[in-house]
Amino acid sequence: MLLAADATPEEARARVRDWVEANVPAAWREAAAAGGRAAIRAVRSRADYERWYPVFGVSGLVAARWAPEYGGLGLSSGAARAADEELRPYNLGRLNPLGLANAAAALFAHGTEEQKRRFLPPIVRNEEVWCQLFSEPGAGSDLASLATRAVRDGDNWIVSGQKVWTTWGFLADYGVLLARTNPDVPKRNGITYFLIDMRQPGVEVRSLRHVTGEVDFCEVFLDDAVVPDSQRLGAVGDGWRVGNSTLSGERQMVSGSGSGGVDRIGGSGARHLVRLAREVSAAGRPGGWDEPTVRQEIARLYSEERIRAWTNERIRARLAAGLAPGAESSIGKVHQGDLNQRTQALAADLLGAYGAAWESGLIPGTEQAGTDGAPLDPAEVYAESLPHEVRGMLRSRANTIEGGTSEVNKNILAERVLGLPREPDPYRGKAWKDVPRS
């Protein structure tokens, strides 16, 4: 896309309008004008969007603030924000969100110029999908106790261990990985950060199914997987500091209003509540927009959503200035986890009895919906049949766990923002190998 780095917001708006007219399919534009996101979903499948996405990926608009050599346009915050506002009606979600948020945050903060030029452009273009290999069965909230080992072998590292709750691991080409490289020092000092090829021998991915019937999470088994030292990010033993850049990026990503990239992380925002409540009242059912208490609760949630958005803008301003996300990302994450759960619970409540029981045209064990003629799995039937609001409510239950539990993030806020003393730790300063683990 031809747009100078010093473009004004007005110039950015005009060029993006021209780009949309020339590149976004007419049916999608017409649906956006006629009925918004719901109308777009009716004419654009996920497969349609993925086939078209390379056009978006090479435009520079996916990450407009990033420098051109990294796949962006190098725009100022104001011009990039104006570009995003022009794109918003067309629901052009960013694919590869774990690459754009989690991997990119660490690459920008700690990567070499060679690493940034190698990995960032394919992330923007969704040519290399990323996942995050941090949590383990015995290292969730206490992530620094992780046990996956990486042993130096010449110019390579040999990695063995197990990771869990790896979002989209079955889709990933690369993963950001924390592994223990020195067990003889305190737990935070013996961790190193790597960029690992997920498609190599020695990496086994097993899917885990959501309560909604969908598959997003995975467990990953590493058995002598190989990582070149050139794909080590930061110094050996400095992985905890490097990993905090990824964790801050992750918290920012899950601090949005019910959406992470194209895939939902828990339903829609407060604007959807307004539409849904009006539909309930228009249908003559109780508990809709005509009731003052319902309007008051929606207004409260909308106000909180705006406050959360302003906090996220502070984080984006830091990123645009070349700084790593700070403790502000934990503020947004703690607030959004609870806010989104309340938003999705109200959406399900507005459905009334329709939120407790619904009809589905799909029948387990039949061959009517599978394009390959295979019998339908009951879990897949259940997932496909869920009303949007019910799926969002169920999915939102994870919001206070994923990306660091709310309890962990409150500790971060207490220590880094409020300056309160750390909780007592009898094993602080001891070597990792001498600390009891489950």
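Residues numbered from 1 in each chain as written. Predicted model: local features only at pLDDT ≥ 70, side-chain atom pairs only at ≥ 80, totals over all residues. Heavy atoms only, no water.

Colleague: Looking at this model, I keep getting lost on the overall build of the protein chain. Mind explaining?
Modeller: Of the regular secondary structure elements, the protein chain holds 13 helices and eight strands. In the protein chain, which comprises 438 residues, the proportion classed as buried is 48%. Of the accessible surface of the protein chain, which amounts to about 20600 Å², a share of 51% is contributed by carbon and sulfur atoms. (Helix = DSSP H or I, 4+ residues; strand = E, 2+ residues; numbered from the N terminus. Buried < 20%, exposed > 50% of the residue type's maximum accessible area, 1.4 Å probe, protein only. Areas by Shrake-Rupley, 256 points an atom, 1.4 Å probe, with all protein chains shown as cover.)

Colleague: How should I be thinking about the nonpolar core in this particular structure?
Modeller: One recurring pattern in soluble globular proteins is that nonpolar side chains are buried together. Membership of the largest hydrophobic core comes to 55 residues, with the highest contact counts inside it found for W19, F56, L92 and Y193. A total of five residues in this core trace back to one element, the largest contributor, which is helix α5 (residues 97–110). Two domains share this core, each providing at least three of its residues, namely domain 1 (9–93) and domain 2 (130–252). In terms of nonpolar packing, the next biggest core, distinct from the first, is built from 16 residues, A150, A172, L177 and V220 among them. (Core = buried A, V, L, I, M, F, W, Y, C linked by side-chain atoms within 4.5 Å. Domains from an automatic or database assignment.)

Colleague: Looking at this structure, how should I read helix α1 (residues 9–23)?
Modeller: Since the α-helix packs 3.6 residues into each turn, any two residues three or four apart lie on the same face. Here α1 spans 21 Å end to end across 15 residues, near enough to the 21 Å set by a 1.5 Å rise per residue. Restricting attention to buried positions, one finds in α1 the residues A12, V16, W19 and V20. Along the axis of α1, the buried residues cluster in a sector spanning 100 degrees; they form a single face. Facing away from the buried side of α1 by more than 90 degrees, the exposed set consists of E10, E21 and A22. Summarising the contacts, the buried residues of α1 are in contact with α2 (26–43), α3 (46–57) and α4 (77–87). (Expected span 1.5 Å × (residues − 1). Arc of directions from axis to C-beta. Contact = heavy atoms within 4.5 Å.)

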